[in-house]
Structure formats: structure tokens, C-alpha cells
Amino acid sequence: MQQFYYGGDILTMEKEGEILEAVLVENGRIKSAGDFEKVKLLVKEDAQWINLEGKTLMPAFIDAHSHISTAIQMSQAADLSQCESFEEILSVLREYQKEQQIGKSGVIIGFGYDHNFLPEGKQPDKKYLNQVSKEIPIYISHASGHMGCANDAALALAGITKDTQDPEGGKIGRSDKDNEPNGYLEEAAMMMLQKAIGPRIKFDLKEGLKKTQELYLQNGIVTVQDGAASPESFAMLRQMDESKELILDVVLYPLLQNKAKELFLEFPEYAEQYCGNLKLGGYKAVLDGSPQGRSAWLTKPYENSGGYCAYPWFSDEETEKFMKTAVEDSRQILVHCNGDAAGDQFIQAYKKALENSKNSQKDKLRPVMIHCQTAREDQLEEMKELGILPSIFVGHVYYWGEVHRNNLGEERAARISPCHSAFLRNMKVTFHQDTPVTKPNMLHSVWCAVNRITRAGNQLGKAQCCTVYEALQAVTINGAYTYFEEKEKGSIKEGKRADFVILDRNPVKTEKRMIKEIQVLETIKEGKSIWKKGR
């Protein structure tokens, strides 16, 4: 069956300014694209004619970095994202415990609070969580995913006491008086607790997948990522794919310290190629934390911190081993770097791995720096030279722009998410939302990148604004390039997959401040409509 799209703007993303009149799809692929009369000549009698009625058709959006397996699980946790005080957090947790009928053998999980926007201005530690329950373990995760808080019961389950040492790359919050854990856990310290409570978490994964896929699809996304994947999340997604419940294409990047190599060896059919809707894209490493939580590793101190720059997750030696493994295995590696010190560590370790390798494929691996929040001009130069791609969490400008002003000062805050600097170097920039940290709203990211407006309505770093077309490249064709799928996805061109999104207006022709108001009307994967607004 053919589908013949016409009657609106068709934005190809093949070259700037190119808008076509018609596209013909056959067997899930683009058969022809161009002038209406020319394409119409190839339309068969039984073809489906689809009048866009003035709407805009463009390539489906590509998620360059998120955590779909975490999003599936957190979709069923207590939602703390709208809480505006400690009391509201406690109220939501109590109601969640009651609705889910969670007893002593279970665990209460919450997600999405942000202390930066609470009047108390601090973390809701065990002093407060114990008010919900002293017997049922409770753990709540910060919106950034880089910190969280637990009650006494959860700390006891994890065996965290005053004698427990801070793990490498993490911090256990403590009472000033007696060194007792106060319930706050940062970075690697969270994993100690998560490992302990994991077996108690009971989620309906089928329902979670349904809700999470709906979230991506209603934002025009059909290719997503499971960054920092684990053997368990791979098994979960593989099971869902084999049962035909997985609609999206999912690219997994398992953590190198969590059996990443073993997954590639055990499941070679998934290695850098789709088996069903899944593929193992490469390796992942996390080198630091979150700038809004003051755990991103910086070269210069946070404002009013007494010289505090945070800390690395791994030593230089361990990081060099990660990079050597990726280069020698010919694997793409995605590296989480929010702070510029973490960026330096990545760049130098990867450079060393390349210099010491005789792998003939070493210059074709497309490594990615994830987040790039404080990347400096000299770092972007080195990244360009080494072939490191920048994937920028540009929503930081809106969500935490004013927080960055407080944490970093005006000069560094103005360079948060340095989009213009990266595009100026003709780098293959991508944007992401780090879901479930923020919703996978690609058009909001485009709006952020071209306007750089904070929640408070102030512009932050006007010099780092990019053009609308550049921003659209970052969520389409550049995303496809990152996944080595530029010959299959990311633009409208004969022979490519018919992955489309229909918008209520053309973003290139829309006033910049109004881009975030654009609505996704329909999402199409391989020629099939898989989500439609109001359906």
C-alpha cells in the first residue's frame, strides 16, 4: 500500500530552505519526494491520499539521549514533580502508599522533586521522610537523577550507618553532630541504596511501557535511547520486544562497569544492528554529576562554596581504561560530562586511547559527550579534532538557568549549553531531554535553543542562541548521524524510512518565541500512523 502526502509544507531537513510539495511512501519507505505533479505520476490506484490541509510534515524526531527503562519504572512511582513544599511531598507519598497498599515488605518510591524550587531550600532528608513511615523503606529521587533521600528504614535495609565510608564517586549526607547518615545520598551513594531496595520494587512493566511509549510518541519521537543500560533493563526491553509490545526503536548503551562487554558478546545479533526494535549501540560511562545539584565536576569552584568544585566518579586511570576498551573494541562510547573538569578527563583519556591504538577503525567511532553543560571553547576545539560529538541538554537554560546563575556566576551561566559555539564549528550537535529528568518535548528544546529564556522569563547567554534550522537538525538528521543511521532516518529523501511527524505549523516559518506552542498532530513510523492527537 502506498501513502501519498500532499497539501502542506514538507520540510526535508536535507538542506536549509528546502520545502517540498509531496511525498510518496511505499512499503514503509520513501519512494519519491518533490513537486506534486511529478510525484503524482508514481501514485497507484489503490494508494492512500493524505491531504495535510496546510499542516507541516517533517522527519520524526530522534532522541539522542534518555533512559527509557528508568522512565518506564518511574512512570509508576509517586510523582513529586509538581510538589511545592516538603509538606506536599509527604502528602503525595502518604497517598501513594495508601493507593498502592504498600506494607513493610515493600518500598515507597518517589521521583521528580527539586530542592532548588522548594521554599525550604534544602533536601527533604530522613527527618521528614520518617514522618511518612519509620517502618516502610522510602526513597525519593531528585529530578536530576543524581541525588535522592531515604528514610531510616531504607538506610537500614542498605546497611548504611555512621561507619559506612563514602563510595568512590559519591557522598553520604551526614549529621554535623555525630556523623549519622541524614538520608541524603549523592551520585554513587545512591546505587548502594538502589541495589538494596531493587528487589522490593513491584511495577507493572507492561503498563509502564504503554505510558512511556505514549509520552515519546505524542512528542513525535520514534527512535529513543536507553542510556546507562544494565543487563536487567536489556532483558526487560528484549522481553517486551519479543512479545511485540515495543513500538519504538530503542538503542541501548550499557555502562562499561556493568557488564557492557558481556552483553555484546552474549547477544551479537543486537550489536550495532536492530534485532526487532532493539540494538546495542555502544558503551556508556558517567564521569560526574549535576550542575543544578552542585555535583558536576568543575575546574573552577561553585559560587559561594568555599572553593568547592565537586568530584569525579572515576580516577584518570579508570577513565583511561574505559576509553581504551571502547577504542580497542571499535565501540562508540557515550560519556556523561556536565562539568568542564569531567570534560577535560574525557577528552584527554580518549585522546590517549586514540594515540596508543593501532585499530584501523579508531577514527570512525563517533564518541559523544553527553550534556556538555559547561564545555569551554578550547574543549569544543579539541572535541572537533577528536571527532567527539556534542549532545546538549539545552533545556537546562529554561529549567535551571537562574539556578546556574547562582551556582556558576553570570559569565559561566551564560555559556551553559553552548549551542552556537558548537554549531559554529560545524559539529553534528544533538539535543536531548534526558527523560525522565524532563519530558521528551523536542519542540521545547528547539525553542530553548533559539531563545534561551529561563523559567523566570529572562534571557540567558544570547550569544549562544542558534538558528531554528540548526536546532531542527539537532533533533532529526544529526540524531540519526549519532546512531550511524543517517542513511535510514533523519531526513525526507528517496529510499529512507518513512518516519514522519505532522505538526500544526511549520517551525521555520513560526515566530521564534512561539515555537514551543507548536503541536504534534501525528507520529508515523515506517509509513504507519502509530499516534494521532485525539485518537
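A quick note: this is a predicted structure, and the numbers were derived from the prediction, not measured.

Turning our attention to the overall build of the protein chain. The number of helices and strands found in the protein chain is 18 helices and 23 strands. On C-alpha atoms alone, the protein chain measures out to a radius of gyration of 23 Å, which is about the 24 Å that the 2.2 N^0.38 rule sets for 535 residues. Within the protein chain, the proportion of its 535 residues that are buried is 59%. The contacts of the protein chain with a sequence gap of at least 6 include a subset with a gap of at least 24, amounting to 70%. Element-wise, carbon and sulfur atoms account for 46% of the exposed surface of the protein chain, whose accessible area totals about 22100 Å². Once the 67 positive and 76 negative side-chain charges of the protein chain are each reduced to a mean point, those two points are 1 Å apart.

With parallel pairing, the five strands of this open sheet are ordered in space as S16-S17-S18-S19-S20. Looking at strand neighbours, the two that pair on one side only are strand S16 (282–286) and strand S20 (430–431), the edges of this open sheet. Pairing of strand S18 (residues 368–371) with strand S19 (residues 389–392) involves four bridges; the strand directions are parallel. Within the sheet, the bridge partner assigned to Met369 lies in S19 and is Pro390. Set on the sheet, helix H10 (residues 316–328) makes contact with S16 and strand S17 (332–337); between it and S17 the angle comes to about 155 degrees. Against the sheet, helix H11 (residues 340–355) touches S17 and S18, its axis set at about 155 degrees to S17.

The next thing to look at is the pattern of salt bridges. Counting across every chain of the model gives 31 salt bridges. Measuring nitrogen to oxygen at the nearest pair gives 2.9 Å for the salt bridge that ties Arg376 to Asp378. The residue Arg405 makes a salt bridge to Glu402 at a minimum N-O spacing of 3.1 Å. Of the two residues, Arg405 and Glu402 both sit in helix H13 (residues 396–408), three residues apart, roughly one turn of that helix. Judged by relative accessible area, which is 25%, Glu402 ranks as partly exposed. The structure contains a network of salt bridges with shared partners spanning Asp249, Lys279, Glu485, Lys489, Arg497, Asp499, Lys525 and Glu526.

So, how was this worked out
Residues numbered from 1 in each chain as written. Predicted model: local features only at pLDDT ≥ 70, side-chain atom pairs only at ≥ 80, totals over all residues. Heavy atoms only, no water. Helix = DSSP H or I, 4+ residues; strand = E, 2+ residues; numbered from the N terminus. Rg over C-alpha atoms; globule rule 2.2 N^0.38 Å. Buried < 20%, exposed > 50% of the residue type's maximum accessible area, 1.4 Å probe, protein only. Contact = heavy atoms within 4.5 Å. Areas by Shrake-Rupley, 256 points an atom, 1.4 Å probe, with all protein chains shown as cover. Lys, Arg positive; Asp, Glu negative; His and termini not counted. Charge placed at Lys NZ, Arg CZ, Asp CG, Glu CD. Pairing = 2+ DSSP bridges. Axes fitted to C-alpha atoms, helices over the stretch in contact; angles between N-to-C directions. Salt bridge = Lys/Arg side-chain N within 4 Å of Asp/Glu carboxyl O.

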